Amino acid sequence: METSIAVNLQCQEQLTKCNDIVCTKKKEPIFCEACQYDESFEEATGFCVTCAEYLCQTCCRDHKRNKVTRTHSLLKNDDIPVDITPFTTIKQLSTCEIHPDNDIAYECEDHEALVCVFCLTDSHRKCENVHDLGVVDSADSSVDMMAALQERIQALQSQREEQRKTIEIEQQKVKTNIHSLVTKWKDHIIGLGNDLEIKLSEMSLSETTQLIEHIDCCQEIQTEIKRNKSLVDTLMKYGTKRQISVVLRQTNHARANLKEKLQTLERQRQQSTVLMNVKEFDLPTTIAELSLEEEGKDEFDIMEHTSDEVLVTLDSENRPREKINESLQTSFTASNPDANQRSLRPVTKIEKSIQTVSHVAIPDAKKRSSKRFSERQIGQKITRFIVTTETDLYTCSIFAVYLTEYGVLVADYGNSKLKLFSRKFDLICEHSLPGQPVDMCCDGENCYVCYSDLKKMTKLCINKTSIWRCYEYCTKYQPLSLTVFDSRLMILFACNENFDNTEADDVHIEIRKGNSINVSIYEPYQNDVKEAKRIFRFDASSIVVSENTSVSCYEVDTKTQELPNRKWFYKPFKQNVLKKAKVVAKDSEGNIYICGEDSNNVHQVSSTNNRCDRVIVQNINCPVCVALDDQKDRLIIGCRDDDYLHVYSFK
């Protein structure tokens, strides 16, 4: 709706000076404003709500006698307000910009404008959607929002103040640890210890300064909330019906700004100082490293801690925006990936919305559970880690995820990329691919990728800072999946259907060493294999095949070039539904983890005891890949059309 920016800014400036005005007017006498035009200073005994003016006893009497001002509301004695800012603001917002002597009375939806009677006669006579603003709008939502914002800002301010104090306490703890190390290492490391203390002070000062800024900002927002709440309360108590309608519309932008400022503060990530990588006594060049660590315990998505009302708004506001030609926007169709239709999403620089609690200490080694994975429960989701980058144009679809010695490697189908993240899910590097990746496997420093729309394979090399293409070679059939088998590459091909189709097809399996085909396996009489869409190396002589609603383990005979027998299979029953089985992962105990894309769950299957088979993750939207982090006892899941990796912990 079109409003005057200058008027709103002026109103905000008046509200900002509110405290000074209150303090001044409490000490000085209040004079009649009407009498001051005659250079007479009479003490005010009343206040006109409509005119927003102080009046003396005589002027109050004349105000009631005058036919024009007879209906005005007068406040007297103890009801006279000390601060008239809300009244003047209401009057200013209710006045027509074009005809200052007239109040706003109508809303023209055709022009998105608030107009007076003269505006309606002059410029809006032919408009079809003009509404009288005499009907009172309910202010409950505005009042409730201000109360909710006030409660949240107070909690946030208290949290930031506590964190600021904790930083100072934890700084002393880290200093104690540093001094203990310096004592053991004596003269050789005294200089290094001093360097660490200086760096610690700088880091702590930086964090403390930022927290103080946050606290000050919280105070400013809280003050603005109180002022706006005062305005709304005054409006509801003394304003006319038309004024209530107009002012609520005029101040919507101010309340939205308060909400946006608060959300920005809430999304700020708190970092903590940790002493890490303590060196052994072998005369190193440094005795330890200082780092701002994020605590995993409280790494929840900030949206999980907001009310339903705020959550709906956050869902649309938290997505970054950038101007992109709408003619380029298309929608992703799962059943027709070859058409290359994906959801175009503008992206700017994105910060992970993960909030942590400050904790300074030398971390002890995590005590792992003595239970087997098949006996342990999946706890609540630790967090959602965002995987979008600055250069992404589409919504991410993570079709493969692997844990390498350099970090977490993901294949982004939506943006045709490989992305390498650290174990803390900070982006290290990314690499653009010639097509949309549907599967990926790794062998040390090498990574192999196949595509949905290309009959070719790509080999890439990975180190701790970069990814680059080594070579690629073409294939006769369309590759669906691949895995490293016996130091060579095993590839599953489809002869007719595409990778996303669940119908049976004549599949073809090859074991290759580069361009050279060493083994070719074709089993037209095994109906289960005809439905295969994913393969995964289980051990030195067998593979696991995902077959839409079931999973089987086959022994591989490279000499006879066939799959002689099925060692075991998993087909869920009753409530354990599995539909469109996707990428398979294996833990150190031989348990298999399977994603059900259409059943929206993840299954854990024991290769030795079928009584242990179960669904461990439910109600997750379209999971297509999974990886198990044995070291940190967590399950990492990637989904279709999702900008996040979902991480679950084992209890």
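Residues numbered from 1 in each chain as written. Predicted model: local features only at pLDDT ≥ 70, side-chain atom pairs only at ≥ 80, totals over all residues. Heavy atoms only, no water.

A. Region of interest: the overall build of the protein chain. Looking only at helices and strands, the protein chain features 11 helices and 34 strands. Per-residue burial over the protein chain gives 49% buried out of 651 residues. The long-range share in the protein chain, meaning contacts at least 24 apart out of those at least 6 apart in sequence, stands at 56%. Carbon and sulfur atoms provide 47% of the accessible area of the protein chain, an area that totals close to 33,000 Å². (Helix = DSSP H or I, 4+ residues; strand = E, 2+ residues; numbered from the N terminus. Buried < 20%, exposed > 50% of the residue type's maximum accessible area, 1.4 Å probe, protein only. Contact = heavy atoms within 4.5 Å. Areas by Shrake-Rupley, 256 points an atom, 1.4 Å probe, with all protein chains shown as cover.)

B. Summary view of the side chain of Asp439. Along the chain, Asp439 falls in strand E16 (residues 437-443). Buried charge without a partner: Asp439 forms no salt bridge, and the closest opposite charge is Arg534, 4.5 Å away. Of the polar contacts made by the side chain of Asp439, one reaches the side chain of Ser481; its length is 2.4 Å. (Lys, Arg positive; Asp, Glu negative; His and termini not counted. Salt bridge = Lys/Arg side-chain N within 4 Å of Asp/Glu carboxyl O. Polar contact = N/O pair within 3.5 Å; in protein donor to acceptor, adjacent residues only side chain to side chain.)

C. Representation of the nonpolar core. The biggest cluster of nonpolar side chains holds 33 residues, and the ones touching the most others in it are Leu482, Leu489 and Met490. Ranked by the residues each element gives to this core, the list is headed by strand E21 (residues 488-494), at 6 residues. Ignoring anything within four residues of it in the chain, the contact list for Leu489 reads Cys441, Tyr448, Met457, Tyr473, Leu482, Thr483, Glu510, Ile511 and Arg512. Formed by 16 residues, the second largest nonpolar core is a distinct cluster that contains Leu409, Ala411, Cys442 and Ile467. (Core = buried A, V, L, I, M, F, W, Y, C linked by side-chain atoms within 4.5 Å.)

D. Seen up close, the packing of aromatic side chains. Counted under the stated rule, the structure contains 9 aromatic pairs. Ring centres of Phe385 and Phe425 lie 4.1 Å apart, and the angle between their planes is 15 degrees; on these two criteria the pair is classed as stacked. Residue Phe385 is located in strand E11 (residues 378-386), and its partner Phe425 is located in the loop between strand E14 (417-421) and strand E15 (427-432); the two are separated by 40 residues in the primary sequence. Taking relative accessible area as the criterion, Phe425 reaches 1% and is therefore assigned buried. Three or more aromatic residues joined by ring pairs form one cluster here, namely Phe47, Tyr54, Phe87 and Tyr238. One residue, Arg384, lies across the ring of Tyr644, its end atom 4.0 Å from the ring centre. Residue placement shows Lys586 over the ring face of Phe538; its charged tip is 5.0 Å from the ring centre. (Phe/Tyr/Trp six-rings, centres within 6.5 Å; stacked < 30°, edge-to-face > 60°. Lys NZ or Arg CZ within 6 Å of the ring centre and 35° of its normal.)

E. Main features of the pattern of salt bridges. Under the definition given, this model contains 20 salt bridges. A salt bridge links Glu224 to Lys261, with the nearest nitrogen and oxygen atoms 3.6 Å apart. Of this pair, Glu224 sits in helix H7 (residues 187-238) while Lys261 sits in helix H9 (residues 252-266), and the two are 37 residues apart along the sequence. Residue classification places Glu224 among the partly exposed residues on the basis of a relative accessible area of 23%.

F. Focus on the pairing of strand E34 (residues 644-650). Most of E34 sits inside the fold, with 6 of its 7 residues counted as buried. Sheet analysis places strand E33 (residues 634-639) next to E34, joined by 5 bridges and oriented antiparallel. Its bridge partner being in E34, Arg634 is matched across the sheet by Ser649. The loop that links E33 with its antiparallel partner E34 comprises 4 residues; one of these, Asp641, has a positive phi angle of about 50 degrees. (Pairing = 2+ DSSP bridges.)

G. Structural context of the environment of Pro100. Mapped onto the elements of the fold, Pro100 is located in the loop between helix H4 (85-94) and strand E4 (106-108). Sequence spacing of Pro100 and Cys116 is 16 residues, and the spatial spacing of their C-alpha atoms is 9.5 Å.

H. The environment of Ile517, seen in detail. If you trace the backbone, Ile517 turns up in strand E23 (residues 516-521). Once the C-alpha coordinates of Ile517 and Leu489 are considered, the two residues, 28 residues apart in sequence, prove to be 9.6 Å apart. Apart from residues no more than four positions distant in its own chain, Ile517 is found in contact with Glu510, Ile511 and Arg512.

I. Main features of a negative patch on the surface. Residues Glu109, Asp110, Glu112 and Glu128 make up a contiguous surface patch of negative charge. Its relative accessible area of 42% is what places Glu109 among the partly exposed residues. (Patch = residues over 30% accessible without salt bridge, like charges linked within 9 Å, V, L, I, M, F, W, Y side chains within 5 Å. Charge placed at Lys NZ, Arg CZ, Asp CG, Glu CD.)

J. Inspection of unusual backbone geometry at higher detail. Of note in this structure, Ser416 is not a glycine but carries a positive phi near 55 degrees. Residue position: Ser416 is located in the loop between strand E13 (407-412) and E14. Unlike most non-glycine residues, Phe425 shows phi in positive territory, near 70 degrees.

K. Here's a closer look at the sheet that holds strand E24 (residues 534-539). Taken in spatial order, the 4 strands make up an open sheet running E24-E25-E26-E27, and their pairing is antiparallel. At either end of the open sheet lies a strand with only one pairing partner, and these are E24 and strand E27 (566-570). Neighbour-to-neighbour, the strand axes of this sheet turn through a mean angle of 20 degrees, independent of strand direction. Two strands pair when backbone bridges link them, and strand E26 (residues 551-555) and E27 are joined in this way by 4 bridges, in the antiparallel orientation. Within E27, the residue paired with Cys553 across the bridge is Trp568. (Axes fitted to C-alpha atoms, helices over the stretch in contact; angles between N-to-C directions.)

L. Structural context of H9. Helix length check: H9, at 15 residues, gives a terminal C-alpha distance of 21 Å against a target of 21 Å (1.5 Å per residue), a fit within 8%. Inspection of H9 places Ala254, Arg255, Leu258, Lys259, Leu262, Gln263, Leu265 and Glu266 among the buried residues, and these make up the whole buried set. (Expected span 1.5 Å × (residues − 1).)

M. Up close: the packing of H4 against helix H8 (residues 241-250). Running from N to C, H4 and H8 cross one another at 90 degrees; their axes reach a closest spacing of 9 Å. Comparing the axis directions of H4 and H8 gives the class roughly perpendicular. Every residue of H8 that contacts H4 at Ile90, Leu93 and Ser94 is listed here: Gln243, Val246, Val247 and Gln250. For the contact of H4 with H8, the per-class residue count stands at 4 nonpolar, 3 polar and no charged. (Parallel < 35°, antiparallel > 145°, perpendicular 65-115°, else oblique. Nonpolar A, V, L, I, M, F, W, Y, C, P; charged D, E, K, R; others polar.)

N. View of the packing of H8 against H9. The N-to-C vectors of H8 and H9 enclose an angle of 40 degrees; their axes lie 4 Å apart at closest approach. The angle between H8 and H9 places the two elements in the oblique class. Touching Leu248, Arg249 and Gln250 of H8 are Asn252, His253 and Arg255, all from H9. Residues of the contact of H8 with H9, tallied by class, amount to 1 nonpolar, 3 polar and 2 charged.

O. The pairing of strand E19 (residues 467-474), seen in detail. In this sheet, E19 lies alongside strand E18 (residues 456-462) in antiparallel orientation, the contact comprising 7 bridges. Looking at E19, one finds that Ile462 is bridged to Ile467. Taking the residues that link successive antiparallel strands as the turn, the E18-E19 hairpin has 4 residues.

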